[in-house]
Every structure is written in structure tokens, then in C-alpha cells.
Amino acid sequence: MAHEALFKPIQIGKLTIRNRVVSTAHAEVYATDGGMTTDRYVKYYEEKSKGGCGLCICGGSSPVSIDSPQQWWSSVNVSTDRIIPHFQNLADAVHKHGGKIMIQITHMGRRSRWDGHNWSTLMSPSGIREPVHRATCKTIEEEEIWRVISDFAQGARRVKEGGLDGCELSAVHQHLIDQFWSPRVNKRTDQWGGSFENRMRFGMEVLKAVRAEVGEDFCVGMRICGDEFHPDGLSQDDMKEIAAYYDATGMVDFFGVVGSGCDTHDTLANVIPNMSYPPEPFLHLAAGIKEVVSVPVIHAQNIKDPTQAERVLEGGYVDLVGMTRAHIADPHLIAKIKAGQTDQIRQCVGANYCIDRQYQGLDVLCIQNAATSREYLGLPHVIEKSTGPERKVVVVGGGPGGMEAARVAAERGHDVTLFEAEPQLGGQITLAARAPQRDQIAGITRWYEMELSRLGVDIQLETRADDSTIRDLQPDIVVLANGGHPFLEQVPEWGYSDNSDESLVVSSWDILSGKVEPAKNVLIYDTMCEFSGMSTADYCASQGATVEIVTDDTKPGVAIGGTTFPTYYRSLYQKAVVMTGDLALHKVYREGDKLVAVLENEYTGEHEERVIDQVIVENGVRPDEGLYYALKDRSRNHGQIDLEALYAIKPQPTLAESGDFALFRLGDCVAPRNTHAAIYDALRLCMHL
Amino acid sequence: MLQTLLPILIFTALAVGAIGAARRIRLWRRGRRSPMRWQRLLRMPKRYLNDLHHVVARDKAMAHTHVATAGGFVAAMALAIVVHGFGWHGPILGGLLLAASIVMFVGALAVNRRRLNPPAKLSKGPWQRLSKSLLAYSVGMFLVSLPLVGVAPTTLGGGALVLVLTLLVAWGLLEMIVGMGWGGPMKHAFAGSLHLAFHRRPERFDDQHGEPQSTNPHDVHRGSRSTALFPLDLAAPKLGVEKPSDFQWEQLLGFDACVQCGRCQAVCPAFAAGQPLNPKKLIQDMVVGMAGGTDARYAGSGYPGIDVGKHHGSSASPIVPQLVEAETLWACTTCRACVEECPMMIEHVDAIVDMRRFITLEMGETPEKGAAAIDNLIATDNPGGLDNASRLDWAADLDLDRIKDRPEGVDVLLWLGDGAFDMRNQRTLRALVKILRAGGVDFAVLGEEERDSGDVARRLGDEATFQRLAERNIATLSRYRFRRIVTADPHSFHVIGREYPAFGGTFEILHHSTFMAELFEAGRLSVGVNPHSETVTYHDPCYLGRYNGEFAAPRQLLAALGLEVAEMARSGYRSRCCGGGGGAALSDVPGKARIPDMRMEDVRETGATTVAVACPQCTAMLEGVVEPRPQIRDLAELVAEALIEPGFDEVVATAPTPARAKVQPDEEIPA
């Protein structure tokens, strides 16, 4: 049998989990109404259970105490009994489909922000500042320690009373328990610091109090780190000792292991490994913990595909695999494996759009699956076939928006033709995937290609659709997702020209597409500070160029999320790329066989010059609107999307009207936004076709 | 002069024929003996007119032809003995003889016309001659009898004419009477009649039971479906059939009854797939083996890929490989299509399994994957070699009752079958659980106490493993209280229901289609209407349909779901096998095509987008056909999907390949 190890049920404590796949604890940022697990939250987890996930551990970092702020990340508030009925809804929804659900509970200690909401004073064993959140804190006092221990017990009680299947104590990510463990931040000399036993004491008292409150039969686990990766922090050997110590109490039903600490930007990037990491990079750390404990061990981190998960389990490294982002990308992952439809799994590509939003306090969304966490709005993971008339749908542009529009329209049962000017699908994803360590983003296109082929969409590559090609197909619906072009003409002084021999600047697209070779000495001017500029710099440097990347913003890459800019920085610093902030590209001119770039300081207005071989400008995308205006007047809706209907996830009124075709446009051909925006618009628009 | 010659001819023919017949009987008696019950001969006429004719009548034209020819001949011969043999001349008898000759002549003309351009399934050789002989006999008998009614002079002209007529009648008698005893085509009448009387499966005949004829229009089968394999005495000195003489004598008699009509060949899935099996040739090889000689005189289609004329045998020499290659025996799916079609009611599958038993039990030469499955069955009680305790892994989240925890008993024991280990079939089982719950059925499962039913082991010839599994399952089942067993696996259904009784296990078992139909009839399931008009077709599993006669319930279910059913040309009792039965999927004998691909072509011809199935094996085989193809859904899945109260809701097969998907028929497959 295929995936035998994956589908082997397992006992955790008194609980039977139907398979070995876990959606591990992560902050969802969906707990609204003061940290309650309301509709959106419930439906998000219900979908995973419906899709076959064995165990969901929800509520990453759900605080048990009121001084551990909940609001920043809309975390689940376990500090109040008000949560109990909400838990009951959540438990029922998950249990209905055979899944199990637990929650992670914690006190975050110094790992938060104090400058809002209740303006809490953060606490830590020795009052040492946390750099990622720039969080200063006080030294926790004995009374506060006992209060928090009791808060843990009360939190666990609420979890149990709410009917969830268990709770996971967070002793990871430098929360209060592991702040006590780590000599890096615990400098105490009283009974809560110093010796191993003393550093263990807080966690042990929490565990005892929780056990005393919930009894022997309720499932209680601990999530721990495998190695803090700091010379003054906890090593793998330390963590093995700690795990064995707690395991020996017999009070822990399972361990979740996360490789790497995360109280610096650099270590934080390890925790949710993006696409630059190899598969399961920290499995060995979890396997090390498994060696010394007697209960099941769960490990997540870059386990994305069923075969990989099966291999991890078959090897006996751990007992359960966390496939958390994999479930964000496709909550029906398990159902598809069981249905023999592994080819239809929308696989996580490690773009980390989800987690990078979370770190900004924004709701977790998937870069490629716009239905995830929008189940409560009625956005479907399985597109129902239309019962209405079959329509001829023409989609122009094979980027993410166009591919999603074509997919959804085809799933609805329509006859779909997709035009793409390039020889392959993907749009800007194809460019993005050319950069070092970014190739996996092409997984988005790969999935669409397979789906579109399965759905029988007529794909016309290397075909630039115009008014007459579209007219010839006599479409009922035309969806334009034809993108734009690099916006180099904005500042005439940059010297951009359509004639590539005359142009003084080239675009990041020219470089990444391979159309223009990077020169020896390169200046990249990046106004966006996102992936494109950093990827171009990384690409040029990897091709042997000497690179300086300059921005008028504060620092190159500053708009990239917290789990991804560190991996860019690692790569760029390693290749000696110079990153310069606060300089705007004022002008480019030719001098002999060199170019001179005149840079103007944002704050002083002073000019400085660089003599280089090539100037690459990344100034975002300018929409291509020509085709739209050629079609607009003839279309029955004049190209207008009814926003009321769109935002309410309702059919466009024009679908019920007659006349010539209806015209919609999405993605960068309207205004440059991002992959998720294009896909979301495509889904909510086309799901009603 | 004719009046002198005719009695001599007739009685000589009868005498020579009788000598031949005696020799033939001696050949049959080389088989294993069983007590002779002569009174069984009395059953023969009715069985011929009723049971056998019913099979023949599936081909109306052929049935009429046979009635005329055979009826005409029997009457003409009987009258000829009286009239010409004993000389009881008279216009009335003469007139009857003339009439019988005319009837026979008309039949013979039809036979002759069929033989002008014979379909591929027919054997040629002596059978081509037979139609001429029939004409000769009927014309000859007609002409020599004309004087009896005064139409022609009693002397009938000169010597030349007498000579011609004598030769004509002699030719006819030689074929019809002498040939009957000496192994000519007419042997079929002699052996066939006796075979009807002494058939090893008397239950197949109406005279053995009071069962009313099936009212189901799909089930044209008459009599009971006697389809259980015969138990093998494991203490016997030799297990299975090695040599022709190891067959029961009734089996040898049955082989000899073959008319080489090729109906078996026409329906055999292995033959159609170009695998080295042709049931007709196999039966003829058995005849060659029994009588001794080579297959060189065989004048029909051979085993695909194996030349005719290179094999030989005798009643006392091993059949495999000098007479029949082992791969011929392993190609059989035990689908019983041949048996179902055979007008002579020959039991091909019994013979094949008998020979497999010898290969497996005495030679230990089961094909590799089959042997592995058997080894697994011996070690783990399931063919996959999986931990038997994991039989319920798929249901970890369903909280199914174990029967051991229900000492008070349950209404239904759900028999899972080995599909419980297969991810695809687990979807079917989950759907079935959902239905049982929606229908408020009180049920439980055996869980890890359930073992493989023994089906595959038995069909692969390993009767010892089968009997061990059967005995242990019977012991387990006997420990618990339940009213009925329900299973989604027709193989378990057949084996437990029909084959366990011989080992002391009598349980009421229903296939899930029957049980679900019952739930519908009792109003215990309510279903919604499918919003998409969809055409489905239904594939009858061999072990449900042909083996057990359940053709109606699945169709009732589909009707209850409001689905439009487009029947395949080969459906019901003529359903084409999926290729997965009898261990054929394990022995995996190569051919030119794959049986499931051919079956999928049958499906495609109906234009259906979904093929409803009712067997884990069929599901697996048909899903092995490359996409794009119609989707394969078990009846339970279709019912579960339509349930109004879904209960335990889960995402199942998420997005099937739509019919729209492009097929590129012209795409060349690189060699």
C-alpha cells in the first residue's frame, strides 16, 4: 500500500490520531472579538479536518495571561473563560470530520510588543531585551512566576472544558518557559536560574500545575526547540537533556520539535524555512530528541510532499510530520493522497507569504490558494461545476491571475482558451524563479500547468491576443490578465529607450529572463525593495558581477517579510553585494564605454556618482492597458467589475445580462499588486461564471 | 437391391458406431471414478430440451437450425431403423421419414450456409465436412424413402442410381452414426447427452431444485448458479490434476461433448487480450490428452502466441507443459464467461483450477507474484503481507464497533475484505459506513480478527491455504452473534456464501448492493437529486453477477439515485471481466492488450462519464486504465454522495478528470 506509514494511526496519550499528519501550531491571526475562535477560525480548521488532516494544533502562541499581549497577532485568548464556548464550536467542527484538535498555550514573556493595547510591561527571567520585536522587559518576580504558573493551569482547564483534545505547552520560540531554560537570557541566581534543575523549574511547575488541573487522561504535550543555534544558547545536547528530563516525569504525552531558536532575525528565518532551504533541514534535531524520549515526537519544517513525509516516517526519525504550510496551500492534501490524486495537490512552494504576513500582524493567507482561511466567506477549495449555461471564456495572460481564472472557469465547466505571449505559462513567476534559491516558486506554475491540462483548457502559447483573435472566438466572457512591463520610462533622466542599443538602463526582467547578460560592474537601483530587486542582485552576483544595490528607501529588501529577507541577506553579504539605502537614482549618462549613475541622497539632496558598466532599474510594473481599451467599449459591462458583488463573493450582475461579451481584468494589468491579489480576484470573480 | 443394402448399411453403421462408442466410454473411464447412478440417464431428455436448449436459444437462428437438423436427424434415423432396417414399409411411416428428412435438410442447408463463410470462433476441419454430410444423409434418406409413398418406383431406376444413393446414405451414416462413436463431429450428440445426465454440477439443471425461474430480465440463467469450486481432499495421494486421467470421468465426458462452436472463445477476456488462452482449444487439448495424440488436427483458433501442432499428450502423461503451457492456465481470470456461454455446459474453470492445484500444491510453481501473495497469506492472513492488525487503520476516526465488544449481537457484521488495506477501496468502505450509519443499521466489524476469505489462494490452486483460512474464518464467525454479513467485496461474498458451507460455515451474506437496495426499499435512505445530468454505466463483477446472479440490485440502486444508466453491449450475465479475478492480476500473463483497457473501451462506447462498479478488484483494474477515461465509482460511493444527511462528512475524490479533457488520438507512442 502506498503511504502506509503516513496513514498508520497513532496513539498520543489516550488519543487516537487517524494518521501521522499534523497541522502544527501557528499564529493564524484570525481570532477576532478579543481573541475568540469565531467563524473564520473554525472554518479554517474544519476544512483541514474535512480534508483528512489527522491532528490540528491550533492557536500558535495563545496566551494564558493577560499581560502576554494577544492583540498583536489576533491570537486566541486563553486567559478568559469567555473562550470556552468558542472552543466547543471549534472542537465540534473538527471532530465532525474525524480530526483531532489541540491548542498551543503559552506566556510569551519578552517575545512580544508592549507599545499598544493594554501597554503591558513584558516580563522575562532576567529582563534582557528581545531584538526581533525590539522588546524591552522587566525581570519577572517570584509572585508573577506563580501567577503565570496558575494561569497556565487555568488556560489548560479552559481548553479541556472547551472540548479540545489536548494542549501543547509552548517552550519554543523563546517564550517564557524556554526563556527560563536558556542561559542566554536566564541569568538568575535564585531557585529559577543557574543550575539545570533551577532553569527547568518554571517549566516543571507549569507542567505539574497543568497536569494537576486537567488530570492524567487529557493530552498535554510540549513544543521545544532542537538547538537554539546560539553559542550562548541551548545546544542539541542541552535540548536532549531537557527533553529527557521532562519525559521522565511521565506527564508529557508528546513533544513537538522545532529546529532553531528564533530570537534574532537570522534564527527566526530557520523556524519557518522558506524555499531557499533544503527539504526537512532540521529533521536530525527532532530525531535526536526522539532518541531520548518515550512518547511520540512531532516535527514540522519544510515537509511538503507526501513522498517526503512518508520517507521521514518510514525512516523512523519522528512519529508525526507537521505539514502546516502544506495544509495552508492545500487543506485537502490528505484527501488527495488518499484519492490517488497527488498530482492535484497544490504544493507549498515556501514563498512564506503566510508567515510573513503574520509577523506584520496580518491574517495568514496563502500566496497561491486564495480560498484558504476564506472558507467562511464561501470561497471554495473544490470548485463546483456550474448548473448554468456553458460559456466560452477567453483569458489573456498566463500569469498567476490568468491561470487561476482559466482553472476556475474550466472547473465550472466552461470552454476556456488561454492566450500567453511567452513560450511558457507563469508570467512574472517565471522570472522570479530564475534567481538563486528562488526556483521553487515555479511550483505555482507547475501546479497550474497540470491542472489546466487536466481540465482541458486550450492554451495558446506564444500568442499575443488582440482584438480580432478574441473576436474570432466569439467569447461570452473575456478576462484580461495580461500584466504590464517594467516601468522604466517614469524618469526620463534614467535614459531608458525602447531601442535597447540606446537605452542607458535595463530592467530586472531583462536580466532575470536572460535577455541581457549582467555586466561586470553593476548598479541596481531598486525603488520597490521587494523580491525582484534582491533576486536580481543575487542573480547578477552569482553570475560573477560586482553588484551594488541602491534604494531610495531605508535599505534594500526592506519590504520583504521577516522569514525571507534574512536568507537574501545571507546570500548577498556572502557575495559581497553592497546594499545602500537612502539614495535615489537621479540620472544616468554615458561616459566612454562606462555609464555614470548620479545618485541623490534623500535627506541631504547631495549627489554622488557611480561609474559602472550597467544600470539595472527595478521600478515595479506599469500596466499594459492597450488591449483593455480596445475591448472596453464593445463589452457589455464596459470592463467594469461590480465591486459590491465582488467583495460580497457574489456573481457579477453582468453575467445575467445579454449583449456582447463581458470584460473583466485582473492582476498587474490593472495596477501592480502581488500574486495573491491576482489569484484572489480571479477566484472570487470566476467562481460564479 | 436397396432394400437389401439399406438394412445392412444401417445395422453395420450402428454396430461399428457402437464399437466406437464403447471405446469412447473406455476413454472417459480413464478418469477418476465415482459411483455410477444409471438412473441419471433418465434426466437427459428433459435437460436437453430444457436447460441446454435455453443456452443454445441465446442465438435464435442457431437454435432453430439445431432444432431442425438434430430433430430431423433423430426422427429420420429412428424411422430409418424401423422402416429401412426392419423393413416395416408403409406409407405413413414412409411419409414421416420423408418429412423428417426434409426438416433435417432445411436445417442442414442453414448449417451449410453458415459454413460457407464461417465466423472466426468456429472450428473448421471435420466440422466443415459435417454440413455436407448432413445434406448427404438427409437427401439420401429422402430419396431412398420416396418409393415408400409411391412417388418413385421401388426399384429406383438402374444400378448407377442405386450406387449413388447407397453411397450417399453410406456417407451420411458414416458421419452420423459411425462418426458419433468414433470421434467425428457427431460425437457431441453422444457425449453431450451423457454429459447432461452425469454432469458434475446437477444443481445447474432445473430438475434439481424447485427455485422459480429468475424474474430478473438480466438473469437469463436457469437453475441455480452452482459456482462453488469443489473442495479438494488434502489427504489424497495426489493433489489436483496432473494428467488427463486425474480428472473425474464426468469431466472427461464433458470435454468430449464440445462442439467447438467457439462461444467460449468469443467471450474469453484473456483470448481477446491476446493472452495465450482459448477455452475452446483448452477443451480440445483435454480431448487430445484423453485420447492421446497431438493437437495438429485442431482446426480452430489456437492460443494466441502459441503455434498449433507443437503439443501432444496422452491420458497418462503430464498435461503441463507438453500438452498445455502453464501460462495458458494462469491467464484465466475465472470469470466463468465461457461456462456461462457453453451450450454443452462444460466446466472450463473447474478444469483450470484442478490443473492449477497440481502446479501450486505438488510442483510449487505458482507464478512469482501469485506465490508471493500466497506466502503472505500464510504468514499474515492477507495477500499484501501487511500486519493484519492494521486492517482497521483506515477507520481510526470512524469509531467502528468491534463485534467482540458487542456480545449481545448485532444485526449486520460488516466484512471488510482485503480492500481494507487498499487506499482506493478504503474510500468505498468509508462510503459504505456512512450509508450504514445513515440507514440506522446496527453493525460491527471483526477488525483484526478478520482474515482474507481465501479467494485468491483458492483460485491460484492453493487449496490448503484456502481451507486453512476458511476454517479459521468460520471459527471466528461462529464465535459471534449477528444476523447477516454484508460485504462490498463480491469475492468474499462468493467464497463465504457459497464455498464456506462445504467446510461447515453457513452464514447469510449479502453483497452491499443487495443490502443497500434493501435499505432503499425500506425507506431508510434518502437521497438528493444529482444537479448535473450524468450518464453512468454499470460494470457487473463476475463474482457478483455470473457467479451469484445478482444483476438487479445494483441497477435498482442506480435508478434510485436518478441516474441514467447506459448499458454496455456486454453486461449482465455477459459482462466482460475486468481482468482482475482468479489471481490473474497476480499471474499477469502478458498479452497484446490489457483486459481492463478493453473493458474501458466497452464503457466508452456507452458515452458514460462514470462507470459504477461493485467490486474492489474491478475498481483497481479499471482505475489502472490511463486517463483521460470515465471515472470509476463504487455503488457505495455514489449512494453516499447523494445522501441528504451526510453525517460524517469528508472530502473524497476531489476533482475527477472532466470529460472535456483533451485526447490526442494521433499522438504517436514512441516504440
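Model, not experiment: these values are computed from the prediction.

1. Some words on the sheet that holds strand β5 (residues 100–106) of chain A
All names here are of chain A.
Working step 1: Judged by pairing direction, the barrel is parallel, and its 8 strands sit side by side in the order β3-β4-β5-β8-β9-β10-β11-β12 before closing back on the first. Strand-to-strand twist of the sheet, defined as the mean angle between neighbouring strand axes without regard to direction, takes the value 25°.
Working step 2: Here β5 runs beside strand β8 (residues 166–171); their pairing, made up of 4 bridges, is parallel. Looking at β8, one finds that methionine 102 is bridged to glycine 166.
Working step 3: Contacts from helix α4 (residues 142–161) reach β5 and β8 within the one sheet, and its direction differs from that of β5 by about 165°.

2. Here we look at helix α18 (residues 463–479) of chain B
Residues and elements named next belong to chain B.
Working step 1: Here α18 contains 17 residues, and its C-alpha end-to-end distance of 24 Å stays within 8% of the 24 Å for a straight helix at 1.5 Å per residue.
Working step 2: Residues of α18 that are buried: Glu463, Thr465, Phe466, Leu469, Ala470, Asn473 and Leu477. All buried residues of α18 project into a common sector of 150° when viewed along the axis, lining one side. Opposite the packed face of α18, turned more than 90 degrees from it, sit the exposed residues Ala475, Ser478 and Arg479.

3. Considerations on the domain arrangement of chain A
All names here are of chain A.
Working step 1: Domain assignment breaks chain A into domain 1 (21–377), domain 2 (392–485 + 623–686) and domain 3 (488–619).
Working step 2: In this structure, domain 2 and domain 3 have C-alpha centres spaced 31 Å apart.
Working step 3: Between domain 2 and domain 3, the contact holds 7 residues from the first and 10 residues from the second.
Working step 4: Along the lines of polarity and charge, the residues of the side of domain 2 that touches domain 3 split into 4 nonpolar, 1 polar and 2 charged.

4. Observations regarding the environment of arginine 622 of chain A
Residue and element names in this part refer to chain A.
Working step 1: As for its placement among the helices and strands, arginine 622 is situated in strand β26 (residues 621–623).
Working step 2: With 17 C-beta atoms counted inside 10 Å, the residue arginine 622 sits in the partly exposed group.
Working step 3: Residues arginine 622 and valine 670, spaced 48 residues apart in sequence, show a C-alpha to C-alpha distance of 9.0 Å.
Working step 4: Leaving out residues up to four positions away in the same chain, arginine 622 has contacts with Gly484, His485 and Phe487.

5. Some details on unusual backbone geometry
Working step 1: Put simply, valine 320 of chain B and proline 321 of chain B share a cis peptide bond, and its omega is 5°.
Working step 2: Relative to the helices and strands, proline 321 of chain B is located in the loop between β2 (312–313) and α12 (326–330).
Working step 3: Cis geometry is adopted by the peptide bond preceding proline 628 of chain B, which originates at glutamate 627 of chain B and carries an omega value of 0°.
Working step 4: Tracing the backbone shows proline 628 of chain B in the loop between α24 (616–623) and β10 (631–634).
Working step 5: At arginine 134 of chain A, a position not held by glycine, the phi torsion is positive, near 50°.
Working step 6: Mapped onto the secondary structure, arginine 134 of chain A falls in the loop between β6 (123–124) and β7 (138–139).
Working step 7: We note that glutamine 260 of chain B has phi near 55°; this positive angle belongs to a residue other than glycine.
Working step 8: Along the chain, glutamine 260 of chain B turns up in the loop between α8 (249–256) and α9 (263–267).

6. Remarks on the pairing of strand β3 (residues 410–415) of chain B
Residues and elements named next belong to chain B.
Working step 1: Two strands pair when backbone bridges link them, and β3 and strand β5 (residues 482–487) are joined in this way by 5 bridges, in the parallel orientation. Looking across to β5, one finds that leucine 413 is bridged to isoleucine 485.
Working step 2: In terms of handedness, the path from β3 via helix α16 (residues 423–438) over to strand β4 (residues 443–445) forms a crossover that is right-handed.

7. Considerations on the pairing of strand β22 (residues 583–591) of chain A
Residues and elements named next belong to chain A.
Working step 1: Bridge count for β22 against strand β23 (residues 594–601) is 8 bridges, and the pairing is antiparallel. The partner of valine 588 across the bridge, within β23, is alanine 597.
Working step 2: Between β22 and β23, which pair antiparallel in sequence order, lie 2 residues; one of them, glycine 592, sits at a positive phi of approximately 65°.

Rules used throughout
Residues numbered from 1 in each chain as written. Chains lettered and ligands numbered in written order. Predicted model: local features only at pLDDT ≥ 70, side-chain atom pairs only at ≥ 80, totals over all residues. Pairing = 2+ DSSP bridges. Helix = DSSP H or I, 4+ residues; strand = E, 2+ residues; numbered from the N terminus. Axes fitted to C-alpha atoms, helices over the stretch in contact; angles between N-to-C directions. Contact = placed C-beta atoms within 7 Å. Expected span 1.5 Å × (residues − 1). Buried ≥ 20, exposed ≤ 12 C-beta atoms within 10 Å, placed from the backbone. Arc of directions from axis to C-beta. Domains from an automatic or database assignment. Nonpolar A, V, L, I, M, F, W, Y, C, P; charged D, E, K, R; others polar. Right-handed = clockwise from strand over helix to strand, strands pointing away.

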